Amino acid sequence: VVKGAFPSFIPKTDETRVQVLQDLLDVCKNEKCFVTEKLDGSSVTYYIKDGVFGICSRNLELLEDDNNSLWKVAKALDIESKLQSLNGNFALQGELIGEGVQSNKYNLKGQTVYFFNLFNIDSYEYESNENLQVKLKQLELEMVPIIANDFVLSNDIEKLVNQSKLKSTLNKNVWAEGIIIRPIEINKYALVSNNLLNSGRVSFKVINPEFLLKHGE
């Protein structure tokens, strides 16, 4: 059940496709990047703000509902108290995957969330990849699979698309949907990214053409 629009104090999880980012790649060429697998599921945002816990799908905030997968997983993973333990206003963003989600391509039992963003609501900025990893470990939550943490970015889109042709870390029998690429120094290109990306940082997706062929998406 819908509570309202997606909160304005958190950016949405949409990533820009590499194909429209040639200008950005030219600027960021040779930058050391962090690469993770892009999972094919349902986007979820869990947040705590001024003591209030909220759950959002890709575009909407949801009322508490025991039958809703995003709420069920939040309770199973104790996400509200884990967010409170961070002692601030934060949002965790991830991908809900498993049974009943996007035809469960990874052939998993049950449902869970793999996280890819930790957003500081008060300072309106993302935590670094390093911080994200540390905090998720501390909270005993899963992070999306890491493909590389010293990937040297090229400005050749075709080459990047070829590099996205990977099997999923979660199930070696299926194609990964693609990869997400982010410079390790997350704030270095803030000015460039503000003109091209909506999140105030450089972060973009490269979709695996093999995945598109197989699933016709």
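Predicted, not measured: the structure shown is a model, and the values here were computed from it.

Asker: Teacher, can you tell me more about the overall build of the chain here?
Answerer: Along its length, the chain carries seven helices and 13 strands. Its C-alpha atoms give the chain a radius of gyration of 17 Å, near enough to 17 Å, the size a compact globule of 217 residues would have. With respect to the three principal axes, the spread of C-alpha positions in the chain is 45 × 40 × 30 Å. Of all intrachain contacts in the chain linking residues separated by at least 6 positions in sequence, the fraction that spans at least 24 positions is 73%. Put simply, the chain shows about 10500 Å² of open surface, and 46% of that area lies on carbon and sulfur atoms. If you average the places of the 24 positive and of the 29 negative side-chain charges in the chain, the two averages end up 4 Å apart.

Asker: Looking at this structure, I do not really get the packing of aromatic side chains. What am I missing?
Answerer: A ring pair, where both rings are aromatic, is described by two values, the distance of the centres and the angle of the planes. Under the criterion given, the structure shown has six aromatic pairs. One aromatic cluster is present, formed by Tyr 46, Phe 53, Trp 71 and Phe 115 through successive ring pairs. The ring of Phe 9 carries Lys 49 above its face, with NZ or CZ at 4.9 Å from the centroid.

Asker: What am I meant to see in the pairing of strand β3 (residues 32-38) here?
Answerer: Within a regular beta strand, the side chains point alternately toward one face of the sheet and then the other, so they alternate between its two faces. With six of seven residues buried, β3 lies mostly within the body of the structure. Examined bridge by bridge, β3 and strand β11 (residues 146-152) share four bridges and lie antiparallel to one another. The partner of Thr 36 across the bridge, within β11, is Ile 146. Bridging between β3 and strand β12 (residues 178-183) involves six bridges; their strand directions are antiparallel. Bridge pairing links Glu 37 to Ile 179 in β12.

Asker: What's the story with helix α4 (residues 129-139) in this structure? I'm lost.
Answerer: Since one α-helical turn is 3.6 residues long, residues separated by three or four positions face the same way. Those residues of α4 that fall on the buried side of the exposure criterion are Asn 129, Leu 132, Leu 136 and Leu 139. Looking down the long axis of α4, one finds its buried residues gathered within 95° of arc, a one-sided arrangement. Summarising the geometry of α4, the exposed residues directed more than 90 degrees from the buried face are Glu 130 and Lys 137. Where the residues of α4 are buried, they touch β3, α3 (79-84), β7 (90-98), β8 (111-120), β10 (142-143) and β12. Downstream of α4 by a residue or two, Glu 140 has a phi angle that is positive, lying close to 60°.

Quick notes on the rules
Residues numbered from 1 in each chain as written. Predicted model: local features only at pLDDT ≥ 70, side-chain atom pairs only at ≥ 80, totals over all residues. Heavy atoms only, no water. Helix = DSSP H or I, 4+ residues; strand = E, 2+ residues; numbered from the N terminus. Rg over C-alpha atoms; globule rule 2.2 N^0.38 Å. Contact = heavy atoms within 4.5 Å. Areas by Shrake-Rupley, 256 points an atom, 1.4 Å probe, with all protein chains shown as cover. Lys, Arg positive; Asp, Glu negative; His and termini not counted. Charge placed at Lys NZ, Arg CZ, Asp CG, Glu CD. Phe/Tyr/Trp six-rings, centres within 6.5 Å; stacked < 30°, edge-to-face > 60°. Lys NZ or Arg CZ within 6 Å of the ring centre and 35° of its normal. Buried < 20%, exposed > 50% of the residue type's maximum accessible area, 1.4 Å probe, protein only. Pairing = 2+ DSSP bridges. Arc of directions from axis to C-beta.

Geometric descriptors of this kind do not, in isolation, establish any biological role.
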